[in-house]
Amino acid sequence: MPETFWTVRWPDGAKERCYSPSSVVCEIFTPGVTYPLEDFLARSRTAMQRASDRVKAKYGHPCSNAMAQLHRIETRAQAFEGQDGASVTCLEITQ
């Protein structure tokens, strides 16, 4: 269960490096692809829940770091909700 990082570009052009305790993000995001904000949020929720579930299966408890990352993503995304055409680009994924 390798830690994985993915870098995204928000609608305002800011880049952010995100964390996952699992490589599950490789199954959900593709570098170079731009996702509408709502799709990005849905994918992030799925990725972080699956990552947390994998930690729980292995160690007996969910991953608080995955849930904290999801909280940061959801908080950041609030600034762009309601913006026409708001999208987030996955720039890279590294393990």
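Okay, so let's go over this structure.

So, how was this worked out
Residues numbered from 1 in each chain as written. Predicted model: local features only at pLDDT ≥ 70, side-chain atom pairs only at ≥ 80, totals over all residues. Heavy atoms only, no water. Axes fitted to C-alpha atoms, helices over the stretch in contact; angles between N-to-C directions. Helix = DSSP H or I, 4+ residues; strand = E, 2+ residues; numbered from the N terminus. Parallel < 35°, antiparallel > 145°, perpendicular 65-115°, else oblique. Contact = heavy atoms within 4.5 Å. Nonpolar A, V, L, I, M, F, W, Y, C, P; charged D, E, K, R; others polar. Pairing = 2+ DSSP bridges. Salt bridge = Lys/Arg side-chain N within 4 Å of Asp/Glu carboxyl O. Buried < 20%, exposed > 50% of the residue type's maximum accessible area, 1.4 Å probe, protein only.

### Some remarks on the packing of helix H2 (residues 37-59) against helix H3 (residues 64-77)
Relative placement of two packed helices is described by the angle separating their axes and the distance separating the axes.
Here is step 1 of the chain: Close contact between H2 and H3 brings their axes to 9 Å; oriented N to C, the two are set at 170°. Considering the angle they form, H2 stands roughly antiparallel to H3. Contacts between H2 and H3 pair Leu37, Phe40, Leu41, Ser44, Arg45, Met48, Gln49 and Ser52 from the former with Ala66, Met67, Gln69, Leu70, Ile73, Glu74 and Ala77 from the latter.
Here is step 2 of the chain: Tallied by class, residues from the contact of H2 with H3 come to 9 nonpolar, 4 polar and 2 charged.

### A word on the environment of Phe5
Here is step 1 of the chain: Tracing the chain through its elements places Phe5 in strand E1 (residues 4-9).
Here is step 2 of the chain: Sequence spacing of Phe5 and Ala57 is 52 residues, and the spatial spacing of their C-alpha atoms is 21 Å.
Here is step 3 of the chain: Excluding its chain neighbours within four sequence positions, the residues that come into contact with Phe5 are Arg17, Cys18, Tyr19, Glu92, Ile93 and Thr94.

### Here we look at the sheet that holds strand E2 (residues 15-20)
Here is step 1 of the chain: Reading across from one edge, E2-E1-E4-E3 is the order of the 4 strands in this open sheet, with antiparallel pairing throughout. Across the chains shown, the open sheet's two edge strands, defined by having one partner strand only, are E2 and strand E3 (34-36). Going from strand to strand, the sheet's axes swing by 35° on average, the running direction of each strand aside.
Here is step 2 of the chain: Two strands pair when backbone bridges link them, and E1 and E2 are joined in this way by 6 bridges, in the antiparallel orientation.

### With respect to the pattern of salt bridges
Here is step 1 of the chain: Scanning the model with the defined rule gives 4 salt bridges in all.
Here is step 2 of the chain: Here Arg76 ties to Asp12 by a salt bridge, and the two come within 3.0 Å at their closest N and O atoms. Of this pair, Arg76 sits in helix H3 while Asp12 sits in the loop between E1 and E2; the two residues are 64 residues apart in sequence, bridging distant segments of the chain.
Here is step 3 of the chain: For Arg76, a relative accessible area of 24% corresponds to the partly exposed category.
Here is step 4 of the chain: When its relative accessible area of 47% is taken as the criterion, Asp12 is described as partly exposed.
Here is step 5 of the chain: Here Arg54 ties to Glu27 by a salt bridge, and the two come within 3.1 Å at their closest N and O atoms. You can see Arg54 sitting in helix H2 and its partner Glu27 sitting in helix H1 (residues 25-28), a full 27 residues away along the chain.
Here is step 6 of the chain: Residue classification places Glu27 among the exposed residues on the basis of a relative accessible area of 53%.

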